[in-house]
Structure formats: C-alpha cells, structure tokens
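# Fold and geometry: a report
One letter stands for each residue in the lines below.
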Amino acid sequence: TFRVEIPIPLDSPGLGIELLELEGGREDGLGIVIVNDLVPGGNAQRALDEKTAAQETIMYGDSISAAELILRRSGSTAE
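None of these values were measured; they are calculated from a predicted model. (Residues numbered from 1 in each chain as written. Predicted model: local features only at pLDDT ≥ 70, side-chain atom pairs only at ≥ 80, totals over all residues. Heavy atoms only, no water.)

### What about the nonpolar core?
Rules: Here, nonpolar core means buried Ala, Val, Leu, Ile, Met, Phe, Trp, Tyr and Cys residues that are tied together by side-chain atoms lying within 4.5 Å of each other. Think of it in three bands: with a 1.4 Å probe and only protein chains considered, a residue is buried below 20% of the maximum accessible area for its type, exposed above 50%, and partly exposed in between. Secondary structure elements follow DSSP: runs of H or I of four or more residues count as helices, runs of E of two or more count as strands, with numbering from the N terminus. Contacts were defined at the residue level, with two residues in contact if any of their heavy atoms lie within 4.5 Å.
One finds Ile6, Ile17, Val35, Leu38, Ala44, Ala47 and Ile58 forming the largest nonpolar core, which totals seven residues. Residue assignment for this core shows that the elements contributing at least two residues are β2 (32–38) and α1 (43–50). Apart from the residues lying within four places of it in its own chain, the contact partners of Ala44 are Ile6, Leu15, Gly16, Ile17, Leu38 and Ile58.

What follows is the structure, encoded as structure tokens:
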C-alpha cells in the first residue's frame, strides 16, 4: 500500500484515470477496480510525468482501495 498525490488545478478538474471494474455488482457492495489507463494530458498523467524518484505514482494495473480529498489554498491544508 502506498499513498499517491495527484494535484488537481481548478481549471482542470478530474483525476484523468480510466478505471476497469473486474468484479462488482455483488450484494455486499465489494468489487475490484483497477487502473486501466491514464488519460493523455490528464492530471494523473501530468503527476506521473513530473514525479521525482522518491514519489510514488499511479499507473496501469494498480488497484485503488481508498481515496481522500485534501484542499490546499494559500499554502495551508484543510481536510
């Protein structure tokens, strides 16, 4: 498990991640969704292109188990 940060500018909303549902629609609400592709020019692709060696990034074949939105304005963090 690792944490990925994808900056989303106000003028370019969305993650830019194409998802593929492998398993789902079960009565318990559980399923498996994997990253099928990154949208060319999207925010996830931009984060991948700009990452440093120490940063983790999302890529084809990854599975997303949780997501969190953190709003940052003027250098501060609000959750």
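Back to the text.
### What about α1?
This is how it is decided: The directions from the helix axis to the C-beta atoms form the arc being described.
Turning to α1, its buried residues number three or more, namely Asn43, Ala44 and Ala47. Down the axis of α1, the sector holding all buried residues measures 105 degrees, keeping them to one side. Close packing links the buried residues of α1 with β1 (17–23) and β2.

### A short note on the pattern of salt bridges
What counts, and what does not: A side-chain nitrogen of Lys or Arg and a carboxyl oxygen of Asp or Glu constitute a salt bridge if their distance falls within 4 Å.
Summed over the entire model, instances satisfying the criterion amount to one salt bridge. For Glu68, the salt bridge identified is with Arg3, shortest N-O distance 3.4 Å. Of this pair, Glu68 sits in the loop between α1 and β3 (71–73) while Arg3 sits in the segment before β1, placing them 65 residues apart in sequence. Across the pair, exposure class does not vary: Glu68 and Arg3 are exposed alike.

Any functional reading would require information that these geometric values do not contain.
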